[in-house]
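Chain residues, written in single-letter form:
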Amino acid sequence: MREQTPTIFDDPAGFILRELNELKKLVIQQGHAQKEVITADECAELLAVSVSYIYRLTSEKRLPHYKPQGKKIYFKRQELLEWLLAHRISPDSELADHIESRVRIARNGKR
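Residues numbered from 1 in each chain as written. Predicted model: local features only at pLDDT ≥ 70, side-chain atom pairs only at ≥ 80, totals over all residues. Heavy atoms only, no water.

### A look at the overall build of the chain
At step 1: Looking only at helices and strands, the chain has 5 helices and 2 strands in total.
At step 2: From first element to last, N terminus to C terminus, the chain shows the α and β order α-β-α-α-β-α-α.
At step 3: Every one of the 111 residues in the chain was classed for burial, and the buried ones make up 15%.
At step 4: Put simply, of all contacts in the chain between residues at least 6 apart along the chain, 36% involve residues at least 24 apart.
At step 5: For the chain, the accessible area works out to roughly 9700 Å², and carbon and sulfur atoms hold 56% of it. (Helix = DSSP H or I, 4+ residues; strand = E, 2+ residues; numbered from the N terminus. Buried < 20%, exposed > 50% of the residue type's maximum accessible area, 1.4 Å probe, protein only. Contact = heavy atoms within 4.5 Å. Areas by Shrake-Rupley, 256 points an atom, 1.4 Å probe, with all protein chains shown as cover.)

Structure (structure tokens):
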């Protein structure tokens with residue numbers, strides 16, 4: 001006996017459709033990851049924030065963006081990543097090490 005290929009109708013729980021939707025989302029995300037210039041929606045997705053927060057940041061001129069026709073805004077992916085990484089918070093241990101090394105340098109300079 002030959003095995004039959006399952007069809008959508010053989011999947012009452014919708015597993016196949018869910019898997020296809022997940023694959024579709026991944027393909028779309030991959031396409032977005034390759035774009036150099038992105039929209040506000042894509043920017044919000046990249047930064048994991050709401051679109052309204054993106055608009056707030058741009059209106060406060062806190063987020064680098066482009067407005068070529070005065071209405072719709074665009075972003076350069078690389079600039080967003082640089083902006084994101086520019087807001088680094090140093091751990092306490094790193095700050096303590098930095099202070100300790102500065103104190104050592106100051107002490108050695110006085111002798």
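### What about the packing of helix α2 (residues 40-47) against helix α3 (residues 51-59)?
At step 1: Across the interface, α2 lies against α3 with an axial gap of 8 Å and an inter-helix angle of 105°. The pairing of α2 with α3 is recorded here as roughly perpendicular in orientation. In contact with Ala40, Asp41, Cys43, Ala44 and Leu47 of α2, α3 contributes Val51, Ile54 and Tyr55.
At step 2: Classifying every residue of the contact of α2 with α3 by side-chain character gives 7 nonpolar, no polar and 1 charged. (Axes fitted to C-alpha atoms, helices over the stretch in contact; angles between N-to-C directions. Parallel < 35°, antiparallel > 145°, perpendicular 65-115°, else oblique. Nonpolar A, V, L, I, M, F, W, Y, C, P; charged D, E, K, R; others polar.)

### Describing the pattern of salt bridges
Pairing is possible between side chains that carry opposite charge, provided their charged atoms lie close to one another.
At step 1: Tallied over the full model, the rule gives 5 salt bridges.
At step 2: A salt bridge links Glu94 to Arg88, with the shortest nitrogen-to-oxygen separation between them at 3.0 Å.
At step 3: Linked through salt bridges whose partners overlap, the residues forming this network are Arg56, Glu60 and Arg62. (Salt bridge = Lys/Arg side-chain N within 4 Å of Asp/Glu carboxyl O.)

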